[in-house]
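Summary of structural features
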Amino acid sequence: MTVGEELYNQRLQRIKTAMDMGKPDRIPISLGGPSFIRYSEPEATLSDYVLRPEWADDAVIRSYAMLPEIDTAPALSGNKRTSGAMWFAKTKLPGIELPNDALWQYDEVGMMTADDYDTIINKGWGTFSKELLTRLGYSEEDLKPDFEYMKKMQKRVKEELGLVNMSGAAYIMPFEILSAARSLTKFLRDMYRMPDKVIAAMDVIADEYIASAQEHIREHKPLSVFSGNGRGGCQFLSMKKFEKFVWPYIKKTTDAFIAEGTKVLFHNDAKWDENLSYWRDFPKASCIFDPDSLTDIVKIKEVLGDYMCVTGDVPPALLELGTPEENYKYARGLIDLFGHSGFIMSSGCSVPPHAPLENIKAVIAATIEG
Amino acid sequence: MHLLLIAGFLGTGKTTFSIQVATECIRQGRKVAMLVNEIGEIGIDGQLMRELDLDVWEMSNGCICCTLAADLVPTLEKLDQEYAVDLILMEPSGAADPESILRTLVYYKGRPLESIYTVTLLDPLRLPELYEVVTPLIVTQIANANVLFANKADLATAEQLEDVQRIATEVNPDAKLLLVSARQGIDSDLLKEILPWKD
Ligand SMILES: Nc1nc2c(ncn2[C@@H]2O[C@H](COP(=O)(O)OP(=O)(O)OP(=O)(O)O)[C@@H](O)[C@H]2O)c(=O)[nH]1
Ligand SMILES: [Mg+2]
């Protein structure tokens, strides 16, 4: 066994134990984001991810090698040109449409029309989403991943660095994906004026997610699958609409994913304080709640602490603009709140582009002290 | 340096309104900077910027939680240090709540802002519908406002304006509600209501 493989097994055990709500040898650490290119290459800009992606991946890998306490793998080899396709949005990139060190942006142009609910219902989500990407100007060529390169990088990450992927395939929940594809304003109008069509289309999407996840889970056996949510929470949507347009689909897909023998990692951006109790519906230790720091972490502990593993939640603004002392203190507070079982130290959403290395090290130091 | 936040749901007329405010400030001999989500959307073209001698800064509209503070705070600090700006007009994304934007200001290390004032625009054509669907968002936008404007007065019916009045009073009875058409131009007396200096 190589050193990397040994490390991999150790970290896998650590993360699995935390996800099962047990007490690992130490709290796992999951940190990653656009800032990581700079820890090994301080002069790099965000445009390097776009203009020389292989160099960027290598720099990120070298940054992880500098921070061996981190347990989880970075997202590598993403084609930034097509990254907005995930949201059916147009992509604007640093070094091309944007200044060199600006973060990539997704422009929700709302290419989906009101008639397209019928297209989804009649032809299926898979067929329609391909059609929509063509309308947005993404070519099949652009969208095709470079499997060989991906395999090579995954091997490096696993065998050289021993880093673990917390989740496999990502499913952006129907409410979220339609609000992006149609554009938020138009989607809200559709919810109000043609709710039955919206519901029928979301039913189709959820069923296709379930079929695709079953295949994925059987083949890859990921620790979890990723359920993406943001606008469905209580910062935005009324509770009545949440119950009608959001929760049934989270519930249905999650139950099906769990039935296949995996866990579900809820990447819930924005505020979910009022919605949290719904998550108690799932069997104990079958989910991971991954908030972005806008949901009250004390409330998460109170409502879900006995039900599922939580990743928390050093705020991106603190990581980027705070001092190492402030970051240390926040991380310390998280450990005091959650203790050592069923908790993974993490940033709220991803680590932002200019977070200084000292702040990352401060979060790590607090975690290692335990 | 004063901060004026122009809040309101997507497409309510925030940019159109901001340009009116900026124009009035410049007429008064003040230096203004605008912070918007997207340059080149409506009206803020290069030509207008040159005519008004207006600095327009773009905020990224990626994942709000990850980038907003990180984007806003350094921009404010730069404006404080390098530009003698009297007023910053900031238009957050129409899907953002003003409270979370103001919270990020704890990281601002420049000279203290002389005032922070929030104006929320309401769209009479859509407000009842939005109030039913995205209730929490509309409530925070209204509740955090120092003053409310019902925009698009040129299109709104009396009935629609009554609905705006009812919802505004329900959520924030203390805030004044004024009626404007940002597209047709705003009376400078009305603009003076929201400008930090009284001259
Ligand atoms: N009739 C009418 N149209 C208006 C008025 N104010 C703005 N509009 C129009 O409404 C549309 C949206 O205006 P914007 O100023 O871009 O609104 P916004 O709130 O900045 O929009 P986002 O930045 O996309 O959220 C444009 O077509 C404007 O011309 C108004 O008072 N009357
Ligand atoms: Mg605008």
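Residues numbered from 1 in each chain as written. Chains lettered and ligands numbered in written order. Predicted model: local features only at pLDDT ≥ 70, side-chain atom pairs only at ≥ 80, totals over all residues. Heavy atoms only, no water.

Let us look at the coordination of the magnesium ion (ligand 2). Residue and element names in this part refer to chain B. Coordination of the magnesium ion (ligand 2) by the protein comes from Thr-15 (OG1) and Glu-91 (OE), over a distance range of 2.1 to 2.2 Å. Pair noted here: Thr-15 is in helix α1 (residues 14–27) and Glu-91 is in the loop between β4 (87–90) and α4 (98–103), with a separation of 76 residues, a long-range link. The class of Glu-91 is buried, set by a relative accessible area of 7%. (Donors = N, O, S within 2.8 Å, 3.2 Å for Na, K, Ca; no water. Helix = DSSP H or I, 4+ residues; strand = E, 2+ residues; numbered from the N terminus. Buried < 20%, exposed > 50% of the residue type's maximum accessible area, 1.4 Å probe, protein only.)

Residue and element names in this part refer to chain A. On inspection of all chains with the given rule, the structure shows 20 aromatic pairs over all chains. Both rings, one in Phe-36 and one in Tyr-39, keep their centres 5.0 Å apart while their planes meet at 70 degrees; by these two values the pair is edge-to-face. For the pair shown, Phe-36 and Tyr-39 are each scored as buried. Ring geometry for Phe-88 against Trp-125: centres 5.5 Å apart, planes inclined by 75 degrees, an arrangement best described as edge-to-face. You can see Phe-88 sitting in the loop between α4 (53–66) and β2 (90–92) and its partner Trp-125 sitting in helix α6 (residues 125–135), a full 37 residues away along the chain. (Phe/Tyr/Trp six-rings, centres within 6.5 Å; stacked < 30°, edge-to-face > 60°.)

Glancing now at the environment of Tyr-328 of chain A. In this fold, Tyr-328 of chain A is placed in helix α15 (residues 324–338). Filtering out sequence-adjacent residues up to four positions away, Tyr-328 of chain A remains in contact with Ala-362, Ala-365, Ala-366 and Glu-369 of chain A. (Contact = heavy atoms within 4.5 Å.)

Residue and element names in this part refer to chain A. Mapped onto the elements, Ser-347 comes out in strand β9 (residues 343–347). Of note is the side chain of Ser-347, whose polar atom sits 2.8 Å from the backbone oxygen of Cys-349. Setting aside chain neighbours within four positions, we find Ser-347 in contact with Ser-30, Leu-31, Pro-291, Asp-313, Val-314 and Leu-319. (Polar contact = N/O pair within 3.5 Å; in protein donor to acceptor, adjacent residues only side chain to side chain.)

All names here are of chain B. Taken together, 18 residues sit near ligand 1, with Lys-14, Thr-15, Thr-16, Glu-91 and Asp-154 positioned nearest. Gly-11 is positioned such that a nitrogen or oxygen atom in its backbone is 2.9 Å from an oxygen atom of ligand 1. At a separation of 3.2 Å, an oxygen atom of ligand 1 approaches a polar backbone atom of Thr-12. Burial of ligand 1 by the surrounding chains reaches 81%, relative to a free accessible area of 650 Å². Of the residues in the shell around ligand 1, the class split is 5 nonpolar, 7 polar and 6 charged. (Near = heavy atom within 4 Å. Areas by Shrake-Rupley, 256 points an atom, 1.4 Å probe, with all protein chains shown as cover. Nonpolar A, V, L, I, M, F, W, Y, C, P; charged D, E, K, R; others polar.)

Quick look at the side chain of Asp-80 of chain B now. Residue and element names in this part refer to chain B. With respect to the helices, strands and loops of the structure, Asp-80 is situated in helix α3 (residues 64–82). Among the residues examined, Asp-80 registers a relative accessible area of 8% and is labelled buried. Ignoring any residue separated from it by four or fewer positions in sequence, one finds Asp-80 in contact with Met-1, Tyr-108, Gly-110 and Arg-111.

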